[in-house]
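# Chain and residue survey
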Amino acid sequence: MSSSRRHHLKSLILSIAATWIEEETAENIAAKAAYMSEHCVKPDLSGDQAALMEICKKIHHLLDKIDEERYDSESKVTKCDKEIEDLKMKVVELAGVKKPALKKVRMSADAMLQALLGGKHKVTMDLRSSLKQVKKEVKEEPAEAAGDWRKNIEDKADRKKMFETA
């Protein structure tokens, strides 16, 4: 499609849309006038002062009712908006935050700490250097225990007899 043809069609569509908008605004004005004539009857201002005062009181009473209804509807709307925001937050929490894929980095623990803390701090992860060295104690068995094995068996047999007689 050529650009001149496209431009012509676009201008036609815009002109049609403009006429529709004008018609819609005219319909809205007519509907508003019909509603106002139906629901808002002009008050009869003929009469004495007491009758006019009574009409004013009725109008004020109606205004109070309308204000109460407006306040109630506003509070309902704000409550619903707050619920919608809470539900949106719950949806976001349930969906969770997508974490980016982590890349493998070959770095020693010392290099990581130095990168995090800066070049000033020298921290080493060699934990073994700070530990105490404990020497193992070697148990020395008495030389007598390595002696005659028959004697040990006889002692154990005496103990067995003690339990059997009891």
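Everything in this summary refers to the structure shown in the same document. Given the structure is predicted, the values throughout are model-derived calculations rather than measurements.

## Some thoughts on the overall build of the protein
The helix and strand tally for the protein stands at 4 helices and 0 strands. Shown N-terminal to C-terminal, the secondary structure of the protein runs as helices and strands in the order α-α-α-α. The buried share among the 166 residues of the protein stands at 0%. As displayed, the protein has an accessible area near 17,500 Å², and 60% of this comes from carbon and sulfur atoms.

## Some thoughts on the layout of surface pockets
A probe matching the size of a water molecule, rolled over the atoms, marks out where space remains unfilled. Roughly 170 Å³ of internal volume is contained in the largest pocket. Lining of the largest pocket is provided by H39, C40, V41, I59, L62, L63 and I66. Here the element with the most residues in the lining of the largest pocket is helix α2 (residues 49-95); it accounts for 4 residues. Its residues assigned to classes, the lining of the largest pocket comprises 6 nonpolar, 1 polar and no charged.

About the cut-offs
- Residues numbered from 1 in each chain as written.
- Predicted model: local features only at pLDDT ≥ 70, side-chain atom pairs only at ≥ 80, totals over all residues.
- Heavy atoms only, no water.
- Helix = DSSP H or I, 4+ residues; strand = E, 2+ residues; numbered from the N terminus.
- Buried < 20%, exposed > 50% of the residue type's maximum accessible area, 1.4 Å probe, protein only.
- Areas by Shrake-Rupley, 256 points an atom, 1.4 Å probe, with all protein chains shown as cover.
- 1 Å grid on protein atoms, 1.4 Å probe; cavity = no way out; pocket = protein on both sides within 12 Å on 5 of 7 lines; lining within 4 Å.
- Points joined across faces, edges and corners; volume = space filled by probe spheres on them.
- Nonpolar A, V, L, I, M, F, W, Y, C, P; charged D, E, K, R; others polar.

Honestly, it's all geometry; don't read function into it.
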